[in-house]
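An overview of the molecular structure
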Amino acid sequence: MKILNKLKERWQGIEYPFLIHSTGELSFSDITEQESVNLSEVKSGDVVALIGDFDPKSILTLLQLFDKNVILVPLTKDTEAQHDYFFKSALVDVVIEGSSVRRIKHNIKHELIQKLRLEKHAGLVLFSTGTTGRPKAILHDLTLFMQRFDTPRPTLKTINFLLFDHIGGINTLLHTLFNKGTVVAPNSRSVEDILATCAEHNIEVLPTTPTFLRMMLMSGLLEGNVTESLRIITYGTERMDQPTLDALCELLPNVDFRQTFGMSELGIVRVKSEARNSLFMKVGGEGVETRVIDNVLEIRSKTRMLGYLNAESPFDSDGWYNTKDIVEERNGFYKVTGRISEVINVGGLKFMPSEIERVALQFENVEHAKAEGKPNPITGQHVELTIQPASNQDVNKADLKDFLNSQLPNHMMPKRLKFSSISVGHRFKKN
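Spatially, β23-β24-β25 is the arrangement adopted by the three strands of the open sheet, whose pairing is mixed. Sheet topology places β23 (366–376) and β25 (416–419) at the edges, where each strand pairs with a single neighbour. Strand-to-strand twist across the sheet, computed as the mean angle between neighbouring axes with direction ignored, equals 20°. With four bridges joining them, strand β24 (residues 380–389) and β25 adopt parallel strand pairing. Bridge assignment links I387 to a residue of β25, and that residue is F419.

Written as structure tokens, this is what we have:
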């Protein structure tokens, strides 16, 4: 049965809203009964870039494209400057934006795309968000990816904070659709709007990022502005620091904080936090195996991607994926302490930038901190630390140096300390 028909059956007779959007409250039938984009020129097996958001037209077009068995590339306007690169890397045949449908001519073929076409399977292309190198085009078998939604699961009223081009955003949308829940699309992803949206619509789950949670904490808006309906805050896509988590747990004692962990290469991985105030987590779920080699986490997953369209496969001969995440292990739980590429080596003493950032974030009025290893002719590397003060607040440089000196060993002390804004990407990750 086609996905759209399957969902129509599930939602039959249900009039509470599936989507709460700037245009109002929309039931699932409201979405399916609107005017469709003309997809007559789109063929099964086409690679289709859909530039959209969690709005009614984009959602309907998304579901119709699933049923056409295309290889879907979800994109947003936020990444417009990179779209030409995305189109070339994913070998896009068709671009859809709003009601506009245009075809791109090319004669390039890729064996992984050809494999999906031969099997008559739909596909999904997502782009990596790493800060080193160009984004990689990650190809999933969408037909297999959709099988996870066959099993009914409980759903809570969720704000769709993660974006249309993110595996977490797509997963939240589909989980809500298949389990007859309600998803709320915020007007913007500012702290003020997110808190106001949560209160207005009695949001129960807020999926977000550590960077955004730091922004919430430093805004001073949490006390008295968090709706009592909010039960769960999930955070992932980058490393969380313990001081921020501790402060949030103290401010919001009735909220359960849950860490998520996943990479677009591996699909959705189930995670269980050791406790609401713990950064240790258990990674696993059906079809997922983990192991630690030289303190680095490796994962083998049945829901993994088929491969990259513009890079070599990262899997070893046995199917293991090196996450490049350095972890601390305790009773079957893992805590991510950094990335291989981030290791700083000062005179043979190795440590993670997070150890310095954790201390810096404890100093009053520090909103973001970023430690980096820089070349040094004598010690190999030294530490440079960038500090972003909280809005309209000052940080005394001399006092901060004294504080760091009292907390850090000599080899971790920054040789250069500067004050500057630390960029945050459109997905609310610290760049």
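Counted under the stated rule, the structure contains twelve aromatic pairs. Residues W11 and F28 carry aromatic rings whose centres are separated by 5.8 Å and whose planes lie at 25° to one another, so their mutual orientation is stacked. Of this pair, W11 sits in helix α1 (residues 3–11) while F28 sits in helix α2 (residues 28–32), placing them 17 residues apart in sequence. By relative accessible area, F28 is classed as buried at 2%. Through successive ring pairs, a cluster of aromatic residues spans W11, Y16, F18 and F28. Sitting over the face of the ring of F315, R304 holds its NZ or CZ atom 4.0 Å from the ring centroid. When the ring centre of F280 is taken as origin, the NZ or CZ atom of R330, which lies over that ring, is 3.8 Å away.

Relative to the helices and strands, S264 resides in the loop between β13 (256–259) and β14 (270–273). Residue classification places S264 among the buried residues on the basis of a relative accessible area of 16%. Ignoring sequence-local partners within four residues, the contact set of S264 consists of L126, I138, H140 and I167.

Taken in spatial order, the seven strands of this open sheet run β6-β5-β3-β4-β7-β8-β18, and their pairing is mixed. This sheet does not close on itself; its edge strands, each paired only once, are β6 (100–103) and β18 (307–308). Here strand β3 (residues 47–51) pairs with strand β4 (residues 71–75) via five bridges, running parallel. Across the sheet, V47 pairs through a bridge with I71, a residue of β4.

Residues other than glycine seldom take positive phi values, yet N295 does so here, at roughly 70°. Counting through the fold element by element, N295 comes out in the loop between β16 (288–293) and β17 (296–301). A positive phi angle, near 55°, is found at N331, a position not held by glycine. In this fold, N331 is placed in the loop between β19 (321–330) and β20 (333–339).

Calculation rules
- Residues numbered from 1 in each chain as written.
- Predicted model: local features only at pLDDT ≥ 70, side-chain atom pairs only at ≥ 80, totals over all residues.
- Heavy atoms only, no water.
- Pairing = 2+ DSSP bridges.
- Helix = DSSP H or I, 4+ residues; strand = E, 2+ residues; numbered from the N terminus.
- Axes fitted to C-alpha atoms, helices over the stretch in contact; angles between N-to-C directions.
- Phe/Tyr/Trp six-rings, centres within 6.5 Å; stacked < 30°, edge-to-face > 60°.
- Buried < 20%, exposed > 50% of the residue type's maximum accessible area, 1.4 Å probe, protein only.
- Lys NZ or Arg CZ within 6 Å of the ring centre and 35° of its normal.
- Contact = heavy atoms within 4.5 Å.

Don't take any of this as a statement about function, it's just geometry.
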